[in-house]
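Breakdown of the fold
Chain by chain, the residues:
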Amino acid sequence: MKFITNENLAELLDALKEDYRVFVPVKKTDIGSYPIKKGAQRYYREYEEFTDDIVIGEVRPFEPLKAFFTAAREVVAKGFTSEVPHQEDKPFAIVGVKNCDLRQGFAVQDHVYKDHDYEDPFYVKNRENNLIIASDCTCAIDTCFCRAAGNQPYPEENYDINLSPVRDGYLVEVGSAKGENLLEKHASLIEQVGEERARERDQQRQRVTEEVDSNIEQYEVPTYSKFKSDIIERNWDSDVWYEESKTCVECGACTIICPTCHCFFLYDQKDGDKMERLRVWDSCMLKHYARVAGGENPRGELWMRLRNRFEKKFDFFPKVADFYACTGCGRCVSACPAKIDIRKVLKRLVDNV
Amino acid sequence: MCSGNRDKNIYRPIETEVLDVVTESPAIKTVKLRPREELTFQTGQFIELTVPGVGEAPFTPSSSPAVKDTMDVTIMKVGKVTEKVHELKKGDIVGLRGPYGVGYPLDEYKDKEVLVFGGGVGLAPLRSLMFALLDRIDDFKKLYFRYGAKTPGDIIYKDLVREWSQRKDLDFRITVDKADEEWTGHVGLVTTILDDMDVDLETAIAVVCGPPIMMKFGTFKLLELGFKEHNIYLSMEKNMSCGLGKCGHCRIGTYYACKDGPVFSYDKIKDFHDIWQ
Ligand SMILES: Cc1cc2nc3c(=O)[nH]c(=O)nc-3n(C[C@H](O)[C@H](O)[C@H](O)COP(=O)(O)OP(=O)(O)OC[C@H]3O[C@@H](n4cnc5c(N)ncnc54)[C@H](O)[C@@H]3O)c2cc1C
Ligand code: SF4
Ligand code: SF4
Ligand code: FES
């Protein structure tokens, strides 16, 4: 078994700064002087040195991983030249990435942006060049319901290296050739430990799995096997949409924060005498989203937009790509100022059938 | 798939020269464009037209797909981008991306009766289809053209429409909802000029293009007459941004109009909710 100590991990991250912009999750109980109401939040911060607030384990940071692959606002064309506009000097190394973002998050984003007819060159490049150092979750917060969506609380795929927090350091697993090369390059930082350390990891995984399951039970979240039976179609005319959307203030936070939501619009502006085209994240919860010429809007009401959001996640994606576009990360639950809770909506949809 | 700017940056437009601007009606202009790189299309496909620094919008070329070096686009002034399009002059530079989507499967229309059924601004995209059909008119058993406008003043391409009306090989009828002093033709909704057609309803093709309300009632009328669902082709207009099946905007059920359409046979989309909106 490969193992890395805390000190050596710090050294590895320092070394990565040479080739990457390194981002680590940090845990905060305030933003500046504002306390965070619901306990602590985890955010990505660019890594400078190994500080106490860095949390490799625990749960997913608040920002979705997609932000490192399609920026919220990004120049995608300048003038008429076919050159891809200049991007970041260095690719990102993202540390402490959790399985919800990795597995289903990437499943959706890859499906959209790596489509073979029209590959998004920016996404594809980031996917090739960015480095992902994943990690097991070491706890569950009350919004986590990944297992209901079919994910485990530890990385299953799409990582270069995975770190499983154990006593005095991390067990290290390789998930790609890139990860393999990286460990070879920094072989002096990696130790070999006996297979028995895997038990420590497995026990921890088991414990977190139980924590997630107890969340699912407590909030009565239906599991994905129950989503199957056309829940959207059968609830098309149900009151659920209207009732659940009543408090929505149309901020778009639920979709912006979601690791699977991918909608954007292209926005043109002038850059000197040249045109500049930006790809900007969009939200189907916002009124303008489906508006067509002459002001007609097929989804003029909020409840129609809420239904559309659920249709996209739980009907469109399973039909076209065989997966649900919800990872169970719970971010939209924490983000929504109107306290609209996807777990509760799902329960109502399933119960209604 | 058709040839186009399939290079590594799917978002960049091709530099394109405005060769001419023709005023068709107070609200409609046709711009003749010459892209500086190859961009050809099949009838029914659409392009994204960029007014540099202002924005982009989807349009269906109105010229013949057989003309390879230039392209006409007929555009109604409705908002931000189209207003700027109406200010374009000969010699201005714009951008083009595309062609996108799936057009009309003309090969499947061979040896069948074909009805081209349009309303309002739907005539612009149908002009391109008519050029393509008339180019190979011997391939079809018979070609029908049925079109309705609000008033005689709303009928664009007047010379061309007159030319079509005189063709012996085209069964041609148009109508207006409201006549003026000079109008001697039929008055009534477009759905009222279909009754004199004598076609094999098992195989006859109908291509419908117009505003949503016309498409809806036009389709219902065709079904009532006995046209088969899979033989009715609709061109769906949805809010679009990317044209590439990525931005999410144009979804209809399990399809993206920009990629799987904009042309769909009715049987493919009829079970989705709210298709006419
Ligand atoms: C496949 C297709 C083919 C079309 N062909 C033609 C044609 O040949 N001739 C013609 O005159 N018009 C055509 N249209 C409609 C044309 O695209 C709209 O009129 C145009 O987008 C309006 O842009 P605007 O900025 O002037 O209007 P605004 O109302 O100012 O648009 C502002 C915003 O509204 C949205 N929007 C409004 N209407 C549409 C729309 N229909 N599609 C996408 N986004 C919209 C966009 O997000 C846009 O940024 C077509 C539309 C589609 C989808
Ligand atoms: S819908 Fe909510 S819980 Fe599901 S992936 Fe998106 S943010 Fe996470
Ligand atoms: S986060 Fe809540 S209030 Fe904001 S758009 Fe989504 S559902 Fe509405
Ligand atoms: S226009 Fe973007 S998905 Fe169709």
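Up top you'll find the structure we're talking about.
Residues numbered from 1 in each chain as written. Chains lettered and ligands numbered in written order. Predicted model: local features only at pLDDT ≥ 70, side-chain atom pairs only at ≥ 80, totals over all residues. Heavy atoms only, no water.

1. Quick word on the site of ligand 2
Close to ligand 2 lie Phe145, Cys258, Pro259, Lys313, Cys326, Thr327, Gly328, Cys329, Gly330, Arg331, Cys332 and Ile342 of chain A. In terms of residue class, the shell around ligand 2 is made up of 7 nonpolar, 3 polar and 2 charged. (Near = heavy atom within 4 Å. Nonpolar A, V, L, I, M, F, W, Y, C, P; charged D, E, K, R; others polar.)

2. Examining the packing of helix α2 (residues 99-113) of chain A against helix α3 (residues 121-129) of chain A
All names here are of chain A. Taken N-terminus to C-terminus, the directions of α2 and α3 make an angle of 135°; their axes are 9 Å apart at the nearest point. Regarding the angle of α2 to α3, the classification is oblique. Considering only the axes of α2 and α3, their crossing is left-handed. Facing α2, whose interface residues are Phe106, Gln109, Asp110 and Tyr113, α3 presents Tyr123, Val124 and Arg127. (Axes fitted to C-alpha atoms, helices over the stretch in contact; angles between N-to-C directions. Helix = DSSP H or I, 4+ residues; strand = E, 2+ residues; numbered from the N terminus. Parallel < 35°, antiparallel > 145°, perpendicular 65-115°, else oblique. Left-handed = near helix turned anticlockwise from the far one by under 90°. Contact = heavy atoms within 4.5 Å.)

3. Describing the environment of Phe145 of chain B
Residues and elements named next belong to chain B. Position of Phe145 among the secondary structure elements: in strand β8 (residues 142-149). In sequence terms Phe145 and Lys238 are 93 residues apart; their C-alpha atoms lie 25 Å from each other. In this view, Phe145 contacts Val116, Leu123, Met130, Trp164, Leu170, Asp171, Phe172, Arg173 and Ile174; residues no more than four positions away in its chain are not counted.

4. Remarks on the interface of chain A and chain B
At the junction of the two partners, chain A supplies 46 residues and chain B supplies 42 residues. Here chain A packs against chain B, burying approximately 3,600 Å² in sum over the two surfaces, 57% of which is carbon and sulfur. At the boundary of chain A with chain B, the tally comes to 4 salt bridges. Put simply, chain A and chain B have 24 residue pairs in polar contact (both at pLDDT 80 or more) between them. It is helix α10 (residues 302-321) of chain A that contributes the most residues to the side of chain A that touches chain B, 7 residues altogether. For the side of chain A that touches chain B, the residue count by class is 23 nonpolar, 7 polar and 16 charged. (Buried area = accessible area lost by both parts, 1.4 Å probe. Salt bridge = Lys/Arg side-chain N within 4 Å of Asp/Glu carboxyl O. Polar contact = N/O pair within 3.5 Å; in protein donor to acceptor, adjacent residues only side chain to side chain.)

5. Comments concerning a nonpolar patch on the surface
Residues and elements named next belong to chain B. Together, Met76, Val78 and Val121 make up an exposed nonpolar region whose accessible area comes to about 210 Å². Structurally, the position occupied by Met76 is in strand β5 (residues 71-76). Residue class for Met76 comes out partly exposed when judged on its relative accessible area of 34%. (Patch = residues over 30% accessible without salt bridge, like charges linked within 9 Å, V, L, I, M, F, W, Y side chains within 5 Å. Areas by Shrake-Rupley, 256 points an atom, 1.4 Å probe, with all protein chains shown as cover. Buried < 20%, exposed > 50% of the residue type's maximum accessible area, 1.4 Å probe, protein only.)

So far we have only geometry, and geometry alone does not tell us how the molecule works.
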